[in-house]
There are 4 protein chains.
Amino acid sequence: MNLARRLAAEALGALLLAATVIGSGILADSLTPDDAVALLGNTLATAAMLVVLVLMFAGVSGAHFNPAVSLVMLLAREMSVRDAALYTLSQCVGAVCGAMLAHAMFELPLLQTGDIERSGVAMALSECAATFALVLAILMVRRARPEAVAWTVGLVIAAGYWWTASTSFANPAVTLARTLTATFAGVRPADAPLFAAMQIVGALLALGAARLFAPEKGHERIV
Amino acid sequence: MNLARRLAAEALGALLLAATVIGSGILADSLTPDDAVALLGNTLATAAMLVVLVLMFAGVSGAHFNPAVSLVMLLAREMSVRDAALYTLSQCVGAVCGAMLAHAMFELPLLQTGDIERSGVAMALSECAATFALVLAILMVRRARPEAVAWTVGLVIAAGYWWTASTSFANPAVTLARTLTATFAGVRPADAPLFAAMQIVGALLALGAARLFAPEKGHERIV
Amino acid sequence: MNLARRLAAEALGALLLAATVIGSGILADSLTPDDAVALLGNTLATAAMLVVLVLMFAGVSGAHFNPAVSLVMLLAREMSVRDAALYTLSQCVGAVCGAMLAHAMFELPLLQTGDIERSGVAMALSECAATFALVLAILMVRRARPEAVAWTVGLVIAAGYWWTASTSFANPAVTLARTLTATFAGVRPADAPLFAAMQIVGALLALGAARLFAPEKGHERIV
Amino acid sequence: MNLARRLAAEALGALLLAATVIGSGILADSLTPDDAVALLGNTLATAAMLVVLVLMFAGVSGAHFNPAVSLVMLLAREMSVRDAALYTLSQCVGAVCGAMLAHAMFELPLLQTGDIERSGVAMALSECAATFALVLAILMVRRARPEAVAWTVGLVIAAGYWWTASTSFANPAVTLARTLTATFAGVRPADAPLFAAMQIVGALLALGAARLFAPEKGHERIV
């Protein structure tokens, strides 16, 4: 029962996150010819929703909403293999439902095929850097300033939308949802595997870096 | 006397909220031909004012400013039927006065008839989703991180302005005020009943979800 | 000596505030033909600097930077007539120096004559409403959530830049500085007296409202 | 070993900061013809990343990422000459690597020669004012509200991007990185020495001002 509640929180959080990423992209793109203005609206909505979602669900499920984060928590021995797998499944189902909700609100076909090409070495490097920054920020700040984790997640993604060339998907479940929309926030399905792989690489590098900055003290694992 | 003070807080809060929603829409629309830029200004002002209003009045009246929130508090047995009805009345009177204040500041007719069509299934779904997110965020965060509720309210509405197709009215009193303005933030009076109905549906769904995430413990009602 | 330190804090704070208001207006106006985009930059800079200045100087001088606020503190018997007068003088000197600093940084004549007309009943009402909101927010939040006052001041001015027709000067010292610049943030000297008068009216109304929401308890004055 | 960890934190922080400053400038500039919109994106990303970096690394290295800050800490006798020198070196190496990372993500030559002229008295004055505000804010807020330092740093730089004529580099290591990019955030190498010199002057003035506002109490040095 407790696990069911945690999985529901992960699914609902991923749903609202994906609906925000995609929905705000659709609205912004329809209102302006200026892509930077559209990205400002997209950034504002995504970051604001992330802060809210982490505040809401941190005490229920840990507020991952992101298979790369759940993988890191598994490797840090904070969750079991079974729970990490179920978290990932819930996040992916939630994110796909979020894409459908965004499309329904804007009277578009519920499931679409992403058509924006985002490939190549530069995109791969961007996703690795973006996810590295996200996961390292989470691991460092939850230790030093746990009450600030929600703000950290929102801010690091807000920055990521601008400083990386891929606009910082940094989340395999959201990447999956973005393959299902032919709008501003979409991506071609063919590009998704490389994105997800590089996100996992970035997350693993962040776990290593976090251990460098705070290795084990005695028997207690810090990360 | 204490109730009078609470009702005054609800009325003044709803007044300042509605004046901000409508006034910032008028100014933004007059300064730019780009609707996304106008919405950025509208979003920034609304979210900033909401954070301030909740900080100001949470300790006086609970800072609802929203009949959908008062209804949920009634159903959660945190306020009486009489108080919820008086709160709703105060919020509506305040919001209408706020529309008039905004019009007076911009030298426009004090009361107008909204002329922007916002109807159909997509709009209904949007208002339901927007109010669900708002009310669930309030119910979850006031339990887990009460000091962060003011930020939560501002941020969830900032996101809502962009991720929903209706720009997230999410408040029957503000919806009423918006039927009285033929400016950027307005809506046709004929569309208001569906908006208000869907806002209530969204609020009730949020109450149910909040109970799912934290059911009764012993005799204590959590929500 | 202690008073000298407080006056220096008020002067330096008003200097940085006025330089930010005017400097960001000059830069924004030079970079874009879209007045709403310029106002976004102007708003962002002003609000960010206000939060920082209150965090920096609240513990030194109370962080007024505003003769209308010092007047209210005088009426609330929290400072002497002499101190309020010296605060006001320091704020005005600082704000004028801030205008000069902004002009120097942008290679403009150090002192200019404001040339933007901002007059009439609508502007008067706007300044009254803007200052009412600012002062009421300060008085309510410093009582209920003192650690949040810095954010409150920044956010209420950010909202005020958009929801009022006058862009919310809300500060007689900053109004004085703005009569000395013929740039984006300027105002005609002839319009300043009405602005300052309405700011004081708004501040006094806020003091009355704050007392309504929290009257004396026993012998202790709350406001 | 402990020093190595601190130096790694300074290098990684400066890397992520420089990559954000330069990367967000490249993306923003490519998306819009409006320089103020581009600066909004650049500001948002830089400020958000600064808040995150200070939250992450304050407990590890003090989160300077800035030779002007390390110099002030040396003069305040909070670090040794050796450590300040090594901090400065780490910050510069990190910032240069950050420029290279940004270029790699956008498929540009890894090292370039900055070509934007930023010279003259007005620019010198701007850098002095910007760094004065940054360092004074850090020194005052870490004493009065240490938990708010991360926000302070982000906000004072966000304001600085707009209220100064130089967009507030305020950091010799970031200035070095900006000489190595021929993009939106770049600067000519020939202009860098004056920038760095004025940043140091501004930092020293801030140290003096901070001592004015809080001189020694007994034997304890406050700053």
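Cut-offs used in this document
- Residues numbered from 1 in each chain as written.
- Chains lettered and ligands numbered in written order.
- Predicted model: local features only at pLDDT ≥ 70, side-chain atom pairs only at ≥ 80, totals over all residues.
- Helix = DSSP H or I, 4+ residues; strand = E, 2+ residues; numbered from the N terminus.
- Rg over C-alpha atoms; globule rule 2.2 N^0.38 Å.
- Buried ≥ 20, exposed ≤ 12 C-beta atoms within 10 Å, placed from the backbone.
- Contact = placed C-beta atoms within 7 Å.
- Least-squares fit on C-alpha atoms with pLDDT ≥ 70 in both.
- Nonpolar A, V, L, I, M, F, W, Y, C, P; charged D, E, K, R; others polar.
- Expected span 1.5 Å × (residues − 1).
- Axes fitted to C-alpha atoms, helices over the stretch in contact; angles between N-to-C directions.
- Parallel < 35°, antiparallel > 145°, perpendicular 65-115°, else oblique.
- Core = buried A, V, L, I, M, F, W, Y, C linked by C-beta atoms within 7 Å.
- pLDDT = per-residue confidence, 0-100.
- Left-handed = near helix turned anticlockwise from the far one by under 90°.

In terms of regular secondary structure, chain A is built from 8 helices and 0 strands. Put simply, chain A runs from its N terminus to its C terminus through helices and strands in the order α-α-α-α-α-α-α-α. Its C-alpha atoms give chain A a radius of gyration of 17 Å, near enough to 17 Å, the size a compact globule of 223 residues would have. Classification of the 223 residues of chain A by burial places 65% in the buried group. For chain A, the proportion of contacts with a sequence separation of at least 24, taken over those separated by at least 6, is 77%.

It takes a turn of 90° to lay chain B on chain A, together with a shift of 0.0 Å along the axis; the resulting RMSD is 0.0 Å. Overall, the copies show the geometry of a four-fold rotation axis. In terms of C-alpha distance to the rotation axis, chain B has B:Val37 as its closest residue, with the C-alpha 4.8 Å off the axis. The overlap is low: 10% of the interface residues of chain B also sit at the interface in chain A, so different surfaces are used on the two sides.

How big an interface is tends to be expressed through the accessible area that disappears when the partners come together. At the junction of the two partners, chain D supplies 32 residues and chain A supplies 29 residues. At the level of elements, α1 (2-31), α2 (35-61) and α4 (81-105) of chain D are the ones that each hand at least two residues to the side of chain D that touches chain A. Here the side of chain D that touches chain A gets 14 residues from one element, more than from any other, and that element is α2(D). Per-class residue counts for the side of chain D that touches chain A are 23 nonpolar, 6 polar and 3 charged.

Facing the 29 residues of chain B at the interface are 32 residues of chain A. Of all elements in the fold, only α2 (35-61), α5 (121-144), α6 (149-163) and α8 (192-213) of chain B reach the threshold of two or more residues within the side of chain B that touches chain A. Sort the elements by how many residues they give to the side of chain B that touches chain A and α5(B) lands first, with 9 residues.

What follows is about helix α8 (residues 192-213) of chain D. Along its 22 residues, α8(D) runs 31 Å from first to last C-alpha, staying within 8% of the 32 Å computed at 1.5 Å per residue. Looking at the buried residues of α8(D), the elements they touch are α1 (2-31) and α2 (35-61) of chain C together with α3 (67-75), α5 (121-144) and α7 (172-178) of chain D.

Here the focus is the environment of B:His103. Residues and elements named next belong to chain B. On the secondary structure map, His103 appears in helix α4 (residues 81-105). On the basis of neighbour count, His103 is assigned to the buried category, with 23 C-beta atoms found within 10 Å. Taking C-alpha positions, His103 is 7.3 Å from Gly23, a pair spaced 80 residues apart along the chain. Residues in contact with His103, not counting those within four places in the same chain, are Leu108, Pro109, Leu110, Gln112 and Thr181.

Next up on the list: the relation of the copies chain D and chain A. Note: a rotation about an axis with an accompanying shift along it relates these two copies of the chain. Superposition of chain D onto chain A requires a rotation of 90° combined with a translation of 0.0 Å along the rotation axis, giving an RMSD of 0.0 Å. When the interface residues of chain D are mapped onto chain A, a mere 9% of them are again interface residues, pointing to distinct binding faces.

With that settled, the discussion passes to the packing of helix α5 (residues 121-144) of chain A against α4(D). Contact pair α5(A) / α4(D): the axes reach a minimum separation of 8 Å and the direction vectors enclose 130°. Comparing the axis directions of α5(A) and α4(D) gives the class oblique. From α5(A), A:Ala122, A:Leu125, A:Ser126 and A:Ala129 reach across to α4(D), where they touch D:Leu101, D:Ala104 and D:Met105. Classifying every residue of the contact of α5(A) with α4(D) gives 6 nonpolar, 1 polar and no charged.

Time to look at the nonpolar core. Within the largest apolar cluster, 384 residues are counted, with the highest numbers of intra-cluster contacts made by A:Val135, B:Val135, C:Val135 and D:Val135. With near-sequence residues (within four places) excluded, B:Val135 lies in contact with B:Ala68, B:Val69, B:Val72, B:Gly202, B:Ala203, B:Ala206 and B:Leu207.

Taken residue by residue, chain A gives an average pLDDT of 95. The fraction at 70 or more is 96%. Scoring of the predicted complex yields 0.96 for pTM and 0.95 for ipTM.

Residues and elements named next belong to chain D. Relative to each other, α3 and α5 sit at 50°, their axes nearing to 11 Å. As judged from the angle between their axes, α3 and α5 are oblique. Every pair of crossing elements has a handedness; the one defined by α3 and α5 is right-handed. Contacts between α3 and α5 involve Ala68, Val69 and Val72 from the former and Thr131, Val135 and Ile138 from the latter. Among the residues forming the contact of α3 with α5, the class breakdown is 5 nonpolar, 1 polar and no charged.

Residues and elements named next belong to chain A. The element helix α3 (residues 67-75) is extensively covered by neighbouring structure, given that 7 of its 9 residues are classed as buried. Inspection of α3 places Pro67, Ala68, Val69, Ser70, Leu71, Val72 and Met73 among the buried residues, and these make up the whole buried set. Structurally, α3 contributes buried residues whose contacts are with α4 (81-105), α5, α7 (172-178) and α8 (192-213). Looking one or two residues beyond α3, the residue adopting positive phi is Arg77, at roughly 60°.

Before going further, it helps to spend a moment on the environment of D:Cys97. All names here are of chain D. Tracing the sequence through the fold places Cys97 in helix α4. Accessibility expressed as a C-beta count within 10 Å gives 19 for Cys97, which makes it partly exposed. Sequence separation between Cys97 and Ala11 is 86 residues; the distance between their C-alpha atoms is 8.9 Å.

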